[in-house]
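Structural characterization, general
Below are the chains, spelled out letter by letter.
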Amino acid sequence: MSASLPRLSRRTLGQLKPDIRRPTYDIGAVTPGILHLGVGAFHRAHQAIYVEDALAAGERGWGIVAASLRQPSTRDALEPQDGLYTLASKSAEGERLRVVGALRRFLVAPEEPAALTAAMAHPKIRVVTLTVTEKGYCHDPATGELNEEHPDIRADLSTPSRPRSTTGFLVEALRLRREAGVPPFTLVSCDNLPANGQTLRRVVTRHASLLDPELGAFIAGEVAFPSTMVDRIVPATTDADRAAISQRVGLSDAWPVVTEPFTQWVIEDNFPQGRPRFEDYGAELVADVAPYETMKLRLLNASHSTLAYLGYLAGYETIAEAVADGSFARLVMGLMDEEMGPTLSLPAAADVEVYKRALLERFRNPALRHRTWQIAMDGSQKLPQRLLAGARERIAVGAPIRRIALSVAAWMRYVGGIDENGAPIDVRDPFAERLRALSEAAGRDAKRIAASLLSVREIFGDDLAQSRSFSDPVTSALELLLRLGAKETVRLAS
Ligand code: CS2
């Protein structure tokens, strides 16, 4: 933070540099309508901006109550700023800055679980949105079913009134609303999961049924879970960003968010308790989100994960650095055009072409430092929907999966925990220890490493380990990676 500048807050708003966009509505007149779980940088660069536009257009009843499920850091940074923060959208053309006022109240779940369930049960809250990341659903990534053995789920089943898990909070809040005769809120997953509304419905309903079958049936029958596809690249904010943005706006901002100009939100239009007029602010309201979600997961996210594992191993710190290497750019274009593209069924094929072309430009954005290490996180939770679902479909029709296999092999090489120079890799994944142990026990033999990691059923299901059409190309790619290193392997493969 810049000690010499006054802190950003409602009181100091007037001191912002004149060219900085800011809330033009009366912040004090905003009332809460949305509660968000998982108030990280992505939420603040994406859903919060659509809501900010709604507030600016006079839809005052949709202020956001922002809850963190783990850390107090966002609350600690933004509460002294009256919830205000700067959004910087950056590209080669320059940057646009906007101070956002949509976050009106902060809660930190572990500090005050009862305050959070009470806030969720308040009749004014009509929509609950979520960005809790893949692992926040406490599900089995391969099947999408609730993992009933998860320590947080077990704890919440024995003490439901002091929840820890996402589903625990949702079930308790829905129970309180039902008891008080308040209609349920609409639940909107904004995480990168296939059919995210249905996935959320499945885990919430199951969690509730384990506590009280009648509550489970009520939720299954009465609660709306529209699916959404969310898209905006949002790297983690760095201290350098904090300092530069504070200088630029003229006030010290403890937690600005940096993003790209592109943003997309495709939403299934199923909001029984109402919603902001999101379509007026750029969102697409559609009847079926599934084709959009599949497109995004298999093009953007699959390419991202591929660039993350191979790029990290090759020594590239950011996505922009990785795609500046022509072989890496060709590899992901091939992945999209030849392997993932044919598995997509979109209403308009033209959309896919436009999306793919725009993607490479987005990856190249020189103003974003999106670290390969950041995207490499939680691969056990990401691989199934990004890479494996497409692989299964291709194998079923006898189509090759050369590039998908290389991407999976790079993940295997990465979770081994030692890079190409023999230095340790800081692997962040709920399965990290298990994957590392499996890899270590297999020694440096590609066949053994691949076989042992493929046996992790929660990731690969029961089928892929048995499929030679899958395990053979993965094993060959891993063998090349171990022998030649990532750069040379990508050069040969592209
Ligand atoms: C990324 C995504 O971190 C990751 O795994 O692939 O967060 C990606 O940046 C977003 O989905 C873009 O919309």
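1. A word on the side chain of R75
Inspection of the secondary structure assignment puts R75 in helix α3 (residues 73-78). Note on R75: relative accessible area 13%, which makes it buried. R75 has contacts with P80, F106, V108 and E111, leaving out every residue within four places of it along the chain.

2. Overview of the pattern of salt bridges
Counting across every chain of the model gives 37 salt bridges. In this structure, E353 and K356 form a salt bridge, with 3.1 Å as the shortest nitrogen-oxygen distance. One end of the pair is E353 and the other is K356, both in helix α13 (residues 349-364) and 3 residues apart, which spans about a single turn. With a relative accessible area of 37%, E353 lands in the partly exposed category. Here K356 falls in the buried class, since its relative accessible area comes to 5%.

3. Regarding the domain arrangement of the protein
In terms of domains, the protein is made up of domain 1 (13-286) and domain 2 (290-493). Each of domain 1 and domain 2 has a C-alpha centre, and these two points are 29 Å apart. Taken together, the contact pairs 32 residues of domain 1 with 30 residues of domain 2. Between domain 1 and domain 2 the total buried area reaches about 2,400 Å² when both faces are included, carbon and sulfur atoms providing 59% of it.

4. With respect to helix α6 (residues 166-179)
Helix length check: α6, at 14 residues, gives a terminal C-alpha distance of 20 Å against a target of 20 Å (1.5 Å per residue), a fit within 8%. The complete set of buried residues in α6 reads T166, T167, G168, F169, L170, V171, E172, A173, L174 and R177. Phi for G181, located one or two positions after α6, is positive at around 75 degrees.

5. Here's the deal with the nonpolar core
M412, F460 and F470 are the most contacted members of the largest nonpolar core, which has 126 residues in total. Of all the elements, helix α10 (residues 290-314) adds the most residues to this core, at 11 residues. The residues that make up this core include at least three from each of domain 1 (13-286) and domain 2 (290-493). Sequence-distant contacts of M412, defined by excluding residues within four places in its chain, comprise A450, L453, L454, F460, V474 and L478. Within the second largest apolar cluster, 35 residues are counted, among which are M120, C138, I153 and V223.

6. A few points about the site of the ligand
Neighbouring the ligand are the residues N192, D231, R232, K296, L300, N301, H304, H370, I375, K382 and R386. Note that an oxygen atom of the ligand is positioned 2.9 Å from one of the side-chain N or O atoms of R386. Burial of the ligand by the protein chains amounts to 88% of its free accessible area of 340 Å². Element by element, the count of residues in the shell around the ligand is highest for α10, at 4 residues. Residues of the shell around the ligand, tallied by class, amount to 2 nonpolar, 4 polar and 5 charged. Looking at which domains feed residues into the shell around the ligand, each of domain 1 (13-286) and domain 2 (290-493) gives three or more.

7. Focus on the packing of α10 against helix α21 (residues 486-493)
Running from N to C, α10 and α21 cross one another at 130 degrees; their axes reach a closest spacing of 8 Å. When the interaxial angle is binned, α10 and α21 end up oblique. Residues L310, L313 and A314 of α10 form the contact with α21, whose participating residues are A486, K487 and V490. Its residues assigned to classes, the contact of α10 with α21 shows 5 nonpolar, no polar and 1 charged.

8. Focus: the pairing of strand β7 (residues 186-189)
Both faces of β7 are covered, namely the face carrying T186 and V188 and the face carrying L187 and S189. Pairing of strand β6 (residues 127-130) with β7, which is carried by 4 bridges, proceeds in the parallel orientation. Paired with T129 across the two strands is V188, which belongs to β7.

9. Things to note about the sheet that holds strand β9 (residues 257-259)
Reading across the sheet, the 3 strands line up as β4-β3-β9 and stay open at both edges, with mixed pairing between neighbours. Each edge of the sheet is formed by a strand with only one pairing partner; in this case those strands are β4 (94-100) and β9. Strand-to-strand twist of the sheet, defined as the mean angle between neighbouring strand axes without regard to direction, takes the value 20 degrees. Where strand β3 (residues 85-91) lies against β9, 3 bridges are found, and the strand directions are parallel. Residue pairing in the sheet places L87 in a bridge with V257 of β9. On the sheet, helix α2 (residues 47-56) packs against β3 and β4 and is oriented at approximately 65 degrees with respect to β4.

10. Things to note about the packing of aromatic side chains
To describe a pair of aromatic rings, one takes the distance between the centres and the angle between the planes. Under the counting rule described, the total for this entry stands at 7 aromatic pairs. Between Y50 and W265, the ring centres sit 5.2 Å apart and the planes meet at 65 degrees, which makes this aromatic pair edge-to-face. Of this pair, Y50 sits in helix α2 while W265 sits in strand β10 (residues 264-268), placing them 215 residues apart in sequence. Residue class for Y50 comes out buried when judged on its relative accessible area of 4%. Take W265: its relative accessible area is 2%, and that puts it in the buried class. When the ring of F460 is compared with that of F470, the centres are 6.1 Å apart and the planes differ by 50 degrees; the resulting orientation is tilted. You can see F460 sitting in helix α19 (residues 457-460) and its partner F470 sitting in helix α20 (residues 468-484), a full 10 residues away along the chain. Note on accessibility: F460 and F470 belong to one class, buried. Taken together through their ring pairs, the aromatic side chains of Y50, W265 and F278 make up a single cluster. Between R178 and the ring centre of F218, over which it is positioned, the NZ or CZ distance is 4.6 Å. The ring of W255 has R242 sitting right over it, with the charged end atom 5.3 Å from the ring centre.

The rules we used
Residues numbered from 1 in each chain as written. Predicted model: local features only at pLDDT ≥ 70, side-chain atom pairs only at ≥ 80, totals over all residues. Heavy atoms only, no water. Helix = DSSP H or I, 4+ residues; strand = E, 2+ residues; numbered from the N terminus. Buried < 20%, exposed > 50% of the residue type's maximum accessible area, 1.4 Å probe, protein only. Contact = heavy atoms within 4.5 Å. Salt bridge = Lys/Arg side-chain N within 4 Å of Asp/Glu carboxyl O. Domains from an automatic or database assignment. Buried area = accessible area lost by both parts, 1.4 Å probe. Expected span 1.5 Å × (residues − 1). Core = buried A, V, L, I, M, F, W, Y, C linked by side-chain atoms within 4.5 Å. Near = heavy atom within 4 Å. Polar contact = N/O pair within 3.5 Å; in protein donor to acceptor, adjacent residues only side chain to side chain. Areas by Shrake-Rupley, 256 points an atom, 1.4 Å probe, with all protein chains shown as cover. Nonpolar A, V, L, I, M, F, W, Y, C, P; charged D, E, K, R; others polar. Axes fitted to C-alpha atoms, helices over the stretch in contact; angles between N-to-C directions. Parallel < 35°, antiparallel > 145°, perpendicular 65-115°, else oblique. Pairing = 2+ DSSP bridges. Phe/Tyr/Trp six-rings, centres within 6.5 Å; stacked < 30°, edge-to-face > 60°. Lys NZ or Arg CZ within 6 Å of the ring centre and 35° of its normal.

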